[in-house]
Amino acid sequence: MGFPTLFYISAVFLTLSSISNACLPSDRAALLAFKAALHEPYLGIFNSWTGTDCCHNWYGVSCDPETQRVADINLRGESEDPIFRKAHRTGYMTGTISPAICKLTRLSSLTIADWKGISGTIPPCIASLPFLRIIDLIGNQLTGEIPADIGRLSRLSVLNVADNQISGTIPRSLTNLSSLMHLDLRSNKISGTIPRNFGKLRMLSRALLSKNKLNGLIPYSISYIYRLSDIDLSLNQLSGPIPASLGKMAVLATLNLDGNQMTGTIPPTLINSRISILNLSRNGLEGYIPDAFGPRSYFTVMDLSYNKLKGRIPKSISSATYIGHLDVSHNHLCGPIPAGSPFDHLEASSFTYNDCLCGKPLRPC
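Each chain carries its own residue numbering, running from 1 in the written order of its sequence. Predicted model: local features are reported for residues with pLDDT of at least 70 only, side-chain atom pairs are reported and counted for 80 or more only, and whole-chain, interface and lining totals are derived from all residues. Only hydrogens and water are removed before side-chain values are computed, so all heavy atoms of the structure are retained for them.

The name an unreviewed UniProt entry assigns to the protein is Leucine-rich repeat (LRR) family protein, from the organism Abeliophyllum distichum. UniProt positions are given in the numbering used here, feature names are shortened, and annotations may be inferred rather than shown by experiment. Taken directly from UniProt, the Subcellular location (unreviewed entry) text for the protein runs: "Cell membrane".

Caption draft 1: Region of interest: the state of the cysteines. Criterion for a disulfide: a pair of cysteine sulfur atoms at a distance within 2.5 Å. The tally for this structure, following the rule as stated, stands at five disulfides. Between the sulfur atoms of Cys55 and its disulfide mate Cys63 the distance is 2.1 Å. Between Cys55 and Cys63, the S-S dihedral sits near -90°, and the bridge is therefore left-handed. Throughout this description, buried means an accessible area under 20% of the type-specific maximum (1.4 Å probe, protein chains only), exposed means over 50%, and partly exposed covers the range between. A relative accessible area of 17% means that Cys63 is categorised as buried. Ordering the disulfide-forming cysteines of the protein by sequence position, one finds them joined as 1-2, 3-4, 5-6, 7-8, 9-10.

Caption draft 2: Structural context of the sheet that holds strand 1 (residues 38–39). By the convention used here, strands pair only if DSSP detects at least 2 bridges between them. Helix numbers and strand numbers start at the N terminus; a helix is a DSSP run of H or I with at least 4 residues, a strand a run of E with at least 2. One open sheet holds the three strands; their spatial order is 1-4-6, and the pairing between them is mixed. Where the open sheet ends on each side, the last strands, each with one partner, are strand 1 and strand 6 (116–119).

Caption draft 3: Structural view of the environment of Tyr298. If you trace the backbone, Tyr298 turns up in strand 18 (residues 298–303). Residue Tyr298 is classed as partly exposed on the basis of its relative accessible area of 41%. Note: C-alpha distance between Tyr298 and Ile277 (21 residues apart in sequence) is 8.8 Å.

Caption draft 4: Main features of unusual backbone geometry. For the bond running from Lys360 to Pro361, omega is 5°, close enough to zero to count as cis. Along the chain, Pro361 turns up in the segment after strand 22 (356–358). Positive phi values are uncommon outside glycine, yet Tyr306 reaches one of about 55°. Mapped onto the secondary structure, Tyr306 falls in the loop between strand 18 and strand 19 (310–311). Its identity is not glycine, yet Tyr353 carries a phi of approximately 55°, on the positive side.

Caption draft 5: Spatial organisation of helix 2 (residues 25–36). Between the first and last residue of a helix there are one fewer steps than residues, each counted as 1.5 Å, and that sum is the expected span. In a regular helix each residue adds 1.5 Å, so twelve residues correspond to 16 Å; helix 2 covers 16 Å between its end C-alpha atoms and thus fits that length. Residues of helix 2 that are buried: Asp27, Ala30, Leu31 and Phe34. Summarising the axial view, the buried residues of helix 2 lie within an arc of 100°, below the 170-degree limit, and thus occupy one face. For helix 2, the exposed residues lying more than 90 degrees away from the buried face are Pro25 and Ala36. Picture the helix axis, draw a direction to every C-beta atom, and the arc is the one those directions span.

Caption draft 6: Region of the structure containing empty space enclosed by the protein. Note on definitions: the grid is 1 Å and covers protein atoms alone; a cavity is a set of points where a 1.4 Å probe fits but cannot get out; a pocket is an open set with protein on both sides within 12 Å along at least five of seven lines; lining residues have an atom within 4 Å of a point. Grid points are joined across faces, edges and corners, and a volume is the space filled by probe spheres set on the points. Tallied over the entire structure, the rule returns one cavity of 30 Å³ or more. Computed from the structure, the largest cavity encloses a volume of approximately 40 Å³. In terms of lining residues, the largest cavity is bounded by Ile122, Ile135, Leu137, Ile146, Pro147, Ile150, Leu159 and Val161. A per-class count over the lining of the largest cavity returns eight nonpolar, no polar and no charged. Gly is placed with the polar residues, together with every amino acid not listed as nonpolar (Ala, Val, Leu, Ile, Met, Phe, Trp, Tyr, Cys and Pro) or charged (Asp, Glu, Lys and Arg).

Caption draft 7: View of the environment of Ile317. Residue placement: Ile317 occurs in the loop between strand 19 and strand 20 (322–327). When neighbours within four sequence positions are excluded, Ile317 is seen to be in contact with Phe293, Ile323, Leu326, Pro338, Pro342 and Phe343. What makes two residues a contact is simply this: any of their non-hydrogen atoms within 4.5 Å.

Caption draft 8: Structural detail: the sheet that holds strand 22. With parallel pairing, the three strands of this open sheet are ordered in space as 19-21-22. Each end of this open sheet is capped by a strand with a single partner; those strands are strand 19 and strand 22. One ladder, built from three bridges, connects strand 21 (residues 332–336) with strand 22; its direction is parallel. Residue Pro336 lies in a different strand from strand 22, and its bridge partner there is Cys358.

Caption draft 9: Focus on the pairing of strand 14 (residues 237–240). Side chains of strand 14 alternate between two faces, with Leu238 and Gly240 buried and Gln237 and Ser239 left unburied. Bridge count between strand 12 (residues 213–216) and strand 14: two bridges; the pairing is parallel. Across the sheet, Asn215 pairs through a bridge with Gln237, a residue of strand 14. Pairing analysis gives two bridges linking strand 14 to strand 16 (residues 261–262), with the strands arranged parallel. Bridge pairing links Gly240 to Met262 in strand 16.

Caption draft 10: Layout of the UniProt feature "domain: Leucine-rich repeat-containing N-terminal plant-type" (unreviewed entry) in the protein. The sites that UniProt annotates as "domain: Leucine-rich repeat-containing N-terminal plant-type" (unreviewed entry) are residues 25–64. End C-alpha atoms of residues 25–64 are separated by 15 Å, and the span's content is 30% helix alongside 12% strand.

Caption draft 11: Just the packing of aromatic side chains, in detail. Classification of ring pairs rests on two measures: the distance between centres of Phe, Tyr or Trp rings, Trp counted by its six-membered ring, which must be within 6.5 Å, and the angle between planes, read as stacked under 30 degrees, edge-to-face over 60 and tilted in between. Summed over the entire model, instances satisfying the criterion amount to six aromatic pairs. Relative to Tyr224, the ring of Tyr220 has its centre 5.8 Å away and its plane inclined at 80°; by these criteria the two rings are edge-to-face. Centroid distance Tyr298 to Tyr322: 5.1 Å. Interplanar angle 35°. Geometry classified as tilted. Here Tyr298, found in strand 18, pairs with Tyr322, found in strand 20; they are 24 residues apart in sequence, far enough to count as distant. Linked through ring pairs, Phe34, Phe46, Trp49 and Trp58 together constitute an aromatic cluster. In this scheme, Lys NZ or Arg CZ marks a charge over a ring once it lies within 6 Å of the ring centre and within 35 degrees of the ring normal. Its guanidinium or amino end placed over the ring of Phe131, Arg106 lies 4.0 Å from that ring's centre, counting from NZ or CZ. Positioned above the aromatic ring of Tyr306 is the side chain of Arg282, whose terminal nitrogen or guanidinium carbon lies 4.1 Å from the ring centre.

Okay, here's the thing in structure tokens:
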């Protein structure tokens, strides 16, 4: 075998190996169609999207090393990346999310976050991407509804569409997301009720649904979610009683129901639980503060202000292991404020606008 033949075989081998390491032409075409629907005027993040190999050196794009298929799109408008430091600014991008993204059939992670100006809807076909694990679209101007078939994404562990203009209701199928760990729908225009079978989300650790237009009851089934550590349902229009079962949850550390229309009494289970941040302010809660404090009671924050609570501050509150910030202002409480911890470090504003509370830090009894 002569030198020219060897050279020819080597050249063919190198060509084939470079082709095998390049991204699929259909994936490249899908990415370019996705790029064409967006306009990023300041940072030039799409300047690197040139050439045939979208798997290498295309900003924010990663491929599976085995299949050479596009696996991750990670475009964040707020980042420590040098491209941002050099420009001395955060990102701003307009345009829409093209349905062409759904042609990336091996996509595992889709992050298009904090660009402030991206509008339009979430493409419904996103629910047909079977390998998706992360959808993070926080901090844009997206409208329309969460795709009705979102529940088909059996591998999805993160769904974050916070800080957009999304409307409609929580899709019924969402409770089929058996791998979902982080749900963030905060600061949108989502209405309707929380699905009754919300408790099917057995892997969920954070449920952040604040600042929407949700109404109806807090579903009892939410207390079935063993791993749930953070519930934020504040600033909605939820009504009815607080389920006592929330206080029996194994790892629940934060319960924020501020700014709803909750009624009934405070369940004693919430007082003697693992909850450390409890915010029930600005509701219509009545009755007494439960006399159920004990060594398990450890609150960095307990806010019961702006309700219709009456009676005395219970003496058992002194047996709590720790209470950092306490606010019982704007209620109908009466009687002496217990002496000693935790009251010796609280300001008068924590107790004002009640019927007849007295003692330090208010006027003497």
